[in-house]
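Analysis of the macromolecular model
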Amino acid sequence: MSESKDFLRKIVEEDLKSGKYKEITTRFPPEPNGFPHIGHAKSIVINFGIARDYHGHCNLRMDDTNPTKEDTKYVEALKDAVEWLGFDFDNNVYFTSDYFPKLYDYAIELIKMGKAYVDSLTEEEIREYRGTVTQAGKRGKYAERSVEENLDLFQRMKKGEFKDGEHVLRAKIDMSAANMKMRDPLLYRIRHAHHFRAGDEWSIYPMYDFAHCLSDYIEGVSHSICTLEFENNRDIYDWVLDTLGLKTARPYQHEFARLGINHTVMSKRKLLELVQGGQVSGWDDPRLPTIAGYKRKGYTAESILNFCDQIGIAKANSMVDVAQLEFSIRDDLNTKVPRVMCVLDPLKVTIENYEGHEEIDASYYPDDVPKEGSRKLPFSREIYIERDDFMENPPKGYFRLTPEQPVRLKHAYIISCKEIIKDASGNITEIKAKYHPDSKSGSDTSGIKVKSAIHWVSANEAKTVEVRLYDRLFSTEAPEGVEDINPDSLRIIKNALVEPAVITERPDVRFQFERQGYFYADPIDYTDEKPVFNKIVGLKDSWGKKTKTTKSAPRAQAKKVQIDGEVAAMSDHEQTLFDKYTGEFGLNSEVADTLARDEHLSKFYEESLSVLNSPVGLANIVTNEVARELKQMQASELKFDAKQIAGLVKMIDDTTISSKIAKQVFEEMAKTGEDPSQIVEAKGLVQISDPAKILPIIDEIIAKNPDNVAKFKAGNTKLLGFFVGQVLKSTGGKANPKVVNGLVHEKLK
RNA sequence: UGGGGAUUCGCCAAGUGGUAAGGCCCUGGCUUUUGGUGCCAGUAUUCAUAGGUUCGAAUCCUAUAUCCCCAUCCA
């Protein structure tokens, strides 16, 4: 595994290395209110995968805090999904509802600390009082209740003395917080509802923001991984744990981008609509992106796992091309599954010069699949081929059977077309053909060259099967609703003809129907009398692609012009500073602008300038390096001062150090607050400018990299950076880059 | 609009100051009794845009643009 790690694994590794945690614990925390989909699979793979990689644990936990939405049937579906994907939850499912008593105690604690209160505003009032994104909210009068009153009320809420909605428990944080989520979030609501596990014991239920962080803490979770939309909730997560003083190895939340796939929908709401609206046959409809759907369609767990590995984990919202998923399943099945022949749209072929009957021994696997196994393939005078494997007037590049062009019947003989039989309306109903007796597969001495081999079945022995051809559920890339549904997402072929071994031998449940795609014996509707096969995915079809009307003409890639917004005007004071900096000090306008507009920066700059008269050098360091530190902390928190920066710039000015070393020194200063001259001395960072010392190193580098020298001389001038970098590296950054640059240039000319 | 995220090829995605990884898609070629597979080759002078710092910038600084999330007693 030399591949780069995703950002979550990097965090985990750092936390392990720093000793923040001795052991890694993650959790997969779905709410049991819907069937899991492939987005859940991504989360499962992340959480269980990280636990496995770092020898930790992952808890499967049902986040069942809302009794009105959840159901035990979803719990089963969730367990199934995790198991099917090959992860182990030790047969131990955790439930947030098991923590209700503990959660209640924590709430009491918060009330006693004066950090939570019972609010009795109506729902509308609460909404109103919350304010908007631009306007601060305000507290209602109930926020002033005493601890005793709050305690009393909350206990009575629990006892069920109040009606739904009469009171709520709220955290006392900040009604004017810029983060809306922090405006006194609700912790508990009254809900006289039957909980599928807790029964009727509770009449209050905790909210997500209160229950989740504490459940993580209770379970000893170290890394609480969730999706991006919870970023705003992280503040509450931390607030609850911090306020309750829960410190030891407490969990921290990290967010990644949820999975989106084009031509499908992933939200639970939309999925539920499709199921309830009857657009699909149920949660396990093969067109749905649910785990149950993929399973029913014939996807393997491995293919889903591979897919999740391939798409990676990051923080950018993204829409993965469904072609990537299709690749995963093809790639997986290619090496696993027997090849058989099935004719979907039969065209009868009578081989006039063939008498009798034979059975051909045919391997289930092509040469490039290292698996053993074969079946008997009946061959006779009457066969069926695929209707589009014959064309009377073929286009250029058509490889299959035509009046002039013979074709091989896969595993059998070469045939030529003799006669075309049509019905009254001109449709082809049958082909009369002749076969070439010396062309039998494996012992062909006919010398006839054919362009392709087509699949076929023997008319007498073929079995009739139902084939369900699934296509993407939505025709648009980013579907909005039912109006985007692909009318051809399901095509049922009642009378497809398959070779007999598929039914009688049943060598597998998944097959490749040669030249068509991968198919799966439907686990529910398949019977011996009426076999049913689901199309998992088609084979890649470069011929079909060519013949299809060239739909997407190369879209005009007009480079979009970006209209930049206006830059805010400077205040008079800023303008004065700007003029002084550009005029008196000779700074360029960009640097002067940055400095003038930032009070802290300009102050810092002028202070350093009073120590050292090097306006340009100081300005550069202050605008670029000091500014970075100032973004992260207050000016008063800086470990270094203006005088030290002046000292640093002085060393650059008198060429003691290069600007490259200066950055290194600066980083040290920012960390330790040490004097720059001390750092330079302690680390021996004085730069080497003597060509006599540098030249031998350059020679060595050049000798070591003949390939790159050749490339450079061939015109790849980018490589100059490579050579300079190498020299700098081997001198620990001390070589004077300007000198090195000139020298390397000279050497390689 | 206040706050929080994000932006590297058609789609994902590495890269964190020194030669722009990889996969999918696509395009050629070779192999092939699957127009499949496999193999080989091609595909970003450029990292949202504009400036700045530097010998050297996708990476650091400044400004701007665009997209996503937050005003459920959902999670």
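Cut-off values and rules
Residues numbered from 1 in each chain as written. Chains lettered and ligands numbered in written order. Predicted model: local features only at pLDDT ≥ 70, side-chain atom pairs only at ≥ 80, totals over all residues. Heavy atoms only, no water. Helix = DSSP H or I, 4+ residues; strand = E, 2+ residues; numbered from the N terminus. Rg over C-alpha atoms; globule rule 2.2 N^0.38 Å. Contact = heavy atoms within 4.5 Å. Areas by Shrake-Rupley, 256 points an atom, 1.4 Å probe, with all protein chains shown as cover. Lys, Arg positive; Asp, Glu negative; His and termini not counted. Charge placed at Lys NZ, Arg CZ, Asp CG, Glu CD. Domains from an automatic or database assignment. Phe/Tyr/Trp six-rings, centres within 6.5 Å; stacked < 30°, edge-to-face > 60°. Buried < 20%, exposed > 50% of the residue type's maximum accessible area, 1.4 Å probe, protein only. Near = heavy atom within 4 Å. Polar contact = N/O pair within 3.5 Å; in protein donor to acceptor, adjacent residues only side chain to side chain. Nonpolar A, V, L, I, M, F, W, Y, C, P; charged D, E, K, R; others polar. Expected span 1.5 Å × (residues − 1). Pairing = 2+ DSSP bridges. Axes fitted to C-alpha atoms, helices over the stretch in contact; angles between N-to-C directions. Parallel < 35°, antiparallel > 145°, perpendicular 65-115°, else oblique. Left-handed = near helix turned anticlockwise from the far one by under 90°. Core = buried A, V, L, I, M, F, W, Y, C linked by side-chain atoms within 4.5 Å. Salt bridge = Lys/Arg side-chain N within 4 Å of Asp/Glu carboxyl O.

Within chain A, the secondary structure is distributed over 25 helices and 25 strands. Rg of the C-alpha trace for chain A: 36 Å, well past the compact-globule value of 27 Å for 749 residues, more than 25% over. Reported as C-alpha extents along the three principal axes, the dimensions of chain A are approximately 110 × 90 × 50 Å. A separation threshold of at least 6 residues defines the contact pool for chain A, and within that pool the share at least 24 residues apart is 69%. Surface exposure of chain A reaches about 38,200 Å², of which carbon and sulfur atoms provide 48%. Between the mean site of the 105 positive side-chain charges and the mean site of the 119 negative ones, chain A shows a separation of 3 Å.

By domain assignment, chain A separates into domain 1 (1-258), domain 2 (268-332), domain 3 (546-683) and domain 4 (691-747). Between domain 1 and domain 3, the C-alpha centre-to-centre distance is 42 Å.

With that settled, the discussion passes to the packing of aromatic side chains. On inspection of all chains with the given rule, the structure shows 32 aromatic pairs. Measuring from ring centre to ring centre gives 5.0 Å for Phe 35 and Trp 283, while their planes differ by 10°; the resulting arrangement is stacked. Of the two residues, Phe 35 is situated in the loop between β1 (25-28) and α2 (38-53) and Trp 283 in the loop between α9 (268-276) and α10 (291-297); the sequence distance between them amounts to 248 residues. Grouping residues by exposure puts Phe 35 and Trp 283 together as buried.

Okay, the protein's contact with RNA strand B next. Around RNA strand B sit 103 residues in total, of which Lys 10, Thr 134, Ser 441, Lys 545 and Arg 628 are the nearest. Atoms of RNA strand B within 4 Å of the protein belong to the sugar or the phosphate in 63% of instances, the rest to bases. Between RNA strand B and the protein, one listed contact pairs a base oxygen with a side-chain N or O atom of Arg 339 at 2.6 Å. In the surface near RNA strand B, the residues fall into 33 nonpolar, 35 polar and 35 charged.

The next point concerns helix α4 (residues 100-112). Between its terminal C-alpha atoms α4 stretches 18 Å, which fits the 18 Å expected from 13 residues at 1.5 Å a residue. Those residues of α4 that fall on the buried side of the exposure criterion are Phe 100, Leu 103, Tyr 104, Tyr 106, Ala 107, Ile 108, Leu 110 and Ile 111. Downstream of α4 by one or two residues, Gly 114 has phi in the positive range, about 80°.

Now for the pairing of strand β5 (residues 168-171). Here β5 shows no split at all, with Val 168 and Arg 170 on one side and Leu 169 and Ala 171 on the other all buried. When strand β4 (residues 116-119) meets β5, the two strands line up antiparallel, connected through four bridges. Residue pairing across strands places Tyr 117 opposite Arg 170, the latter belonging to β5. In terms of strand pairing, β5 meets strand β6 (residues 186-190) through three bridges, oriented antiparallel. When the bridges of β6 are listed, Val 168 appears paired with Arg 189.

Turning next to the sheet that holds strand β2 (residues 57-62). Taken together, three strands build an open sheet; the order of strands is β1-β2-β3 and the sheet is parallel. Two strands close off the open sheet at either side, each with one partner strand: β1 and β3 (93-95). Strand after strand, the sheet turns through a mean of 40° between neighbouring axes, direction not considered. Where β1 and β2 come together, four bridges link them in parallel fashion. Opposite Thr 25, over in β2, you have His 57 as the bridge partner. Relative to the sheet, α2 contacts β1 and β2, its axis offset from that of β1 by approximately 160°.

Contact pair helix α17 (residues 599-609) / helix α18 (residues 615-632): the axes reach a minimum separation of 10 Å and the direction vectors enclose 140°. Here α17 lies oblique to α18, going by the angle between them. Considering how the two elements wind past one another, α17 and α18 form a crossing that is right-handed. Taking contact as the criterion, the partners of His 600, Leu 601, Phe 604, Tyr 605, Ser 608 and Leu 609 in α17 are, on α18, Pro 615, Leu 618, Ala 619, Val 622, Val 626, Ala 627 and Leu 630. Among the residues making up the contact of α17 with α18, the classes are represented as eleven nonpolar, two polar and no charged.

What follows covers the environment of Leu 630. With respect to the secondary-structure elements, Leu 630 resides in helix α18. Measuring from C-alpha to C-alpha, the distance between Leu 630 and His 600 comes to 8.2 Å, with 30 residues separating the pair along the chain. Excluding residues that lie within four positions of it along the chain, Leu 630 makes contacts with His 600, Leu 601, Ala 635 and Leu 638.

Moving on, we come to the sheet that holds strand β10 (residues 339-340). In spatial order, the strands read β10-β23-β24-β25-β21-β22-β11; together these seven strands make up an open sheet with mixed pairing. Edge positions in the sheet fall to β10 and β11 (342-343), since each has one partner strand and no second. Here helix α12 (residues 322-334) sits on the sheet and contacts β10, β23 (510-513), β24 (517-521) and β25 (532-538); the angle it forms with β25, its principal contact strand, is near 115°.

Here the focus is the environment of Ser 281. On the secondary structure map, Ser 281 appears in the loop between α9 and α10. In sequence terms Ser 281 and Leu 728 are 447 residues apart; their C-alpha atoms lie 66 Å from each other.

Compared with an ideal rise of 1.5 Å per residue, which puts 16 residues at 22 Å, α2 spans 21 Å between its outermost C-alpha atoms and is within 8% of the ideal. In terms of burial, α2 is a largely internal element, 14 of the 16 residues being buried. Backbone geometry just downstream of α2 places His 55 in the positive-phi region, at approximately 55°.

Judged by nonpolar contacts, the single largest core of 40 residues is most densely connected at Leu 587, Leu 595, Tyr 605, Val 626, Phe 640 and Ile 645. Secondary structure elements with two or more residues in this core: α15 (572-583), α16 (589-597), α17, α18, α19 (642-653), α20 (659-672) and α21 (676-683). No other element matches the seven residues that α18 contributes to this core. Counting 39 residues, the second-largest nonpolar core is a separate cluster that includes Phe 95, Met 266, Val 320 and Val 337.

Let us look at the pattern of salt bridges. Following the criterion strictly, the structure yields 53 salt bridges and no others. Note that Asp 216 and Arg 61 form a salt bridge whose closest N and O atoms lie 2.8 Å from each other. Here Asp 216, found in helix α7 (residues 208-218), pairs with Arg 61, found in strand β2; they are 155 residues apart in sequence, far enough to count as distant. Overlapping salt bridges, with partners in common, bring together Asp 284, Arg 296, Glu 466, Arg 468, Lys 494, Asp 522, Asp 525 and Lys 530 in one network.

It is worth spelling out the pairing of strand β14 (residues 374-380) at this point. Successive residues of a regular strand alternate their side chains across the two faces of the sheet. Most of β14 is tucked away, with five of its seven residues classed as buried. Strand direction decides the pairing type here: strand β13 (residues 357-363) and β14, joined by seven bridges, are antiparallel. Residue Ile 360 lies in a different strand from β14, and its bridge partner there is Leu 377.

Time to look at the packing of α19 against α21. Their axes nearest at 8 Å, the elements α19 and α21 cross at an angle of 50°. As far as their axial angle goes, α21 and α19 are oblique. When α19 is examined against α21, the residues Gln 644, Gly 647, Leu 648 and Met 651 are found in contact with a partner set consisting of Pro 676, Ser 677 and Val 680. Classifying every residue of the contact of α19 with α21 by side-chain character gives four nonpolar, three polar and no charged.

Next up on the list: unusual backbone geometry. Although it is not a glycine, Ala 249 adopts a positive phi angle of roughly 45°. Phi is positive for Arg 506, close to 50°, though the residue is something other than glycine. Topologically, Arg 506 is positioned in the loop between α13 (501-504) and β23.

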